[in-house]
Amino acid sequence: MNISEKYIKRCIELARNGLGTTYPNPMVGSVIVHDGKIIGEGWHRKAGEPHAEVNAISSVKDEGLLKDATIYVSLEPCSHFGKTPPCSDLIIDKGIKKVVIGTMDPFAKVAGRGIKKLMDAGCKVKVGVLEEECLELNKRFFTFHNKKRPYIILKWAQTQDGFIAPQTKAEKKPVWITNKYSGTLVHKWRSEEAAILVGTKTVLEDNPNLNVRKWIGQDPVRVIIDRELKIPQDTSVYNRNQKTIVICHKKSEVFEDENLIFEEINFSENIARDICDILYKHELQSLIIEGGTRTLQQFIDSGLWDEARIFTGKTRFTAGTKAPLLNGKLEEEVLIGSDNLKIYRNDQSDNF
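Since the model is a prediction, treat every value here as computed from it, not as a measurement. (Residues numbered from 1 in each chain as written. Predicted model: local features only at pLDDT ≥ 70, side-chain atom pairs only at ≥ 80, totals over all residues. Heavy atoms only, no water.)

Observations concerning the packing of aromatic side chains
Scanning the entire structure with this criterion turns up four aromatic pairs. The ring of Phe 163 has Lys 322 lying over it, and the distance from NZ or CZ to the ring centre is 4.6 Å. (Phe/Tyr/Trp six-rings, centres within 6.5 Å; stacked < 30°, edge-to-face > 60°. Lys NZ or Arg CZ within 6 Å of the ring centre and 35° of its normal.)

Below, the structure written as structure tokens:
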């Protein structure tokens with residue numbers, strides 16, 4: 001690993017601190033190095049707040065060192081005025097002459113313009129250091145802007161004999177297949193994604209909250225598929241505690257507000273594609289699907305998924321609802337207590 005890669009790796013580590021809090025912005029980390037020593041670090045913490053480069057520059061105690069320093073950043077510095085001023089302007093104003101960038105920004109208002117502005121000002125710019133790692137860091141952001149849909153994560157738990165639900169749930173609702181540690185991890189995942197989706201059957205059988213209770217973080221937007229609006233309005237998903245989008249055939253007479261929105265689709269066509277279009281319209285960059293087999297399989301069959309996280313518990317049902325059928329590339333396998341977690345990637349999907 002060379003010097004540039006070493007510091008871009010550190011930028012990536014810093015950027016990950018913003019997972020789940022920077023939407024709709026990407027995660028970005030920045031490091032400033034003078035004479036082989038880090039003199040400043042920062043990352044983008046939250047949309048509307050200072051960007052990574054601003055935080056890194058602000059952390060430098062002696063700004064007189066900046067003219068002889070190199071700034072490293074995992075993503076191209078912005079060149080436009082948004083909720084904050086352009087970072088490329090700040091770099092130029094502070095007299096930093098060397099800039100190392102992990103990858104370009106696909107966002108239309110940036111897309112190479114930040115790099116051009118820096119070069120036009122006389123900065124020496126290097127682009128494409130640990131580029132694959134930088135793309136992976138912002139897979140949600142890149143998927144959203146390049147594919148015009150959210151980054152889609154499938155998640156389910158199955159028994160040793162391949163069922164996700166028993167034949168009957170008369171004993172208790174919901175029926176837990178995995179242990180409490182896996183349950184906590186799922187809530188951590190929810191805090192990292194923009195939206196969470198389930199179908200009608202899941203809501204009617206389990207009455208889930210679909211929020212973050214076992215972790216600290218922001219609740220995702222709830223997305224509920226309810227074609228005929230069968231779900232009673234006294235269920236948890238209608239409590240308006242978090243934004244909820246109901247996907248239906250025909251809108252309800254129920255009063256809509258900022259936390260309850262009804263969206264119509266044609267259920268005789270590509271349901272998964274139509275849902276992706278709606279979520280793109282609502283600027284939701286990522287989606288975790290925790291629905292039943294039918295809901296999950298619709299996205300699998302449409303090829304509209306990027307990642308699948310599958311728990312296998314120690315339980316056996318012998319009968320019930322079979323788990324979805326999925327072909328993907330196994331990326332990782334870990335034990336969560338007594339549970340086995342496998343993470344797959346959709347190797348048929350185009351890159352970001």
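Points about the layout of surface pockets
Of the pockets and cavities examined, the largest pocket occupies roughly 1,300 Å³. In this structure, the largest pocket is lined by 50 residues; those nearest its centre are Thr 202, Asp 206, Glu 290, Gly 291 and Gly 292. Only β6 (151-158), β7 (163-166), α7 (180-192), β8 (195-199), α8 (200-206) and α10 (293-301) provide two or more residues apiece to the lining of the largest pocket. When residues in the lining of the largest pocket are grouped by element, the largest group, six residues, is from α8. (1 Å grid on protein atoms, 1.4 Å probe; cavity = no way out; pocket = protein on both sides within 12 Å on 5 of 7 lines; lining within 4 Å. Points joined across faces, edges and corners; volume = space filled by probe spheres on them. Helix = DSSP H or I, 4+ residues; strand = E, 2+ residues; numbered from the N terminus.)

Quick look at the sheet that holds strand β12 (residues 286-289)
Strands sit in the order β11-β10-β9-β8-β12-β6-β13-β16-β15 across an open sheet of nine strands; the sheet is mixed. The sheet is open, and its two borders are formed by β11 (260-264) and β15 (329-336), each paired with just one other strand. Adjacent strand axes in the sheet meet at a mean angle of 20 degrees when their direction is disregarded. Sheet topology places strand β9 (residues 221-225) next to strand β10 (residues 244-248); four bridges connect them, and they run parallel. Each bridged residue has a counterpart across the sheet, and for Ile 225 the counterpart in β10 is Ile 247. Running at roughly 165 degrees to strand β13 (residues 307-312), α7 makes contact with β6, β8, β12, β13, β15 and β16 (339-345) of the sheet. Sheet strands touched by α10: β6, β8, β9 and β12. Its angle to β6, the strand with the most contacts, is close to 135 degrees. (Pairing = 2+ DSSP bridges. Axes fitted to C-alpha atoms, helices over the stretch in contact; angles between N-to-C directions. Contact = heavy atoms within 4.5 Å.)

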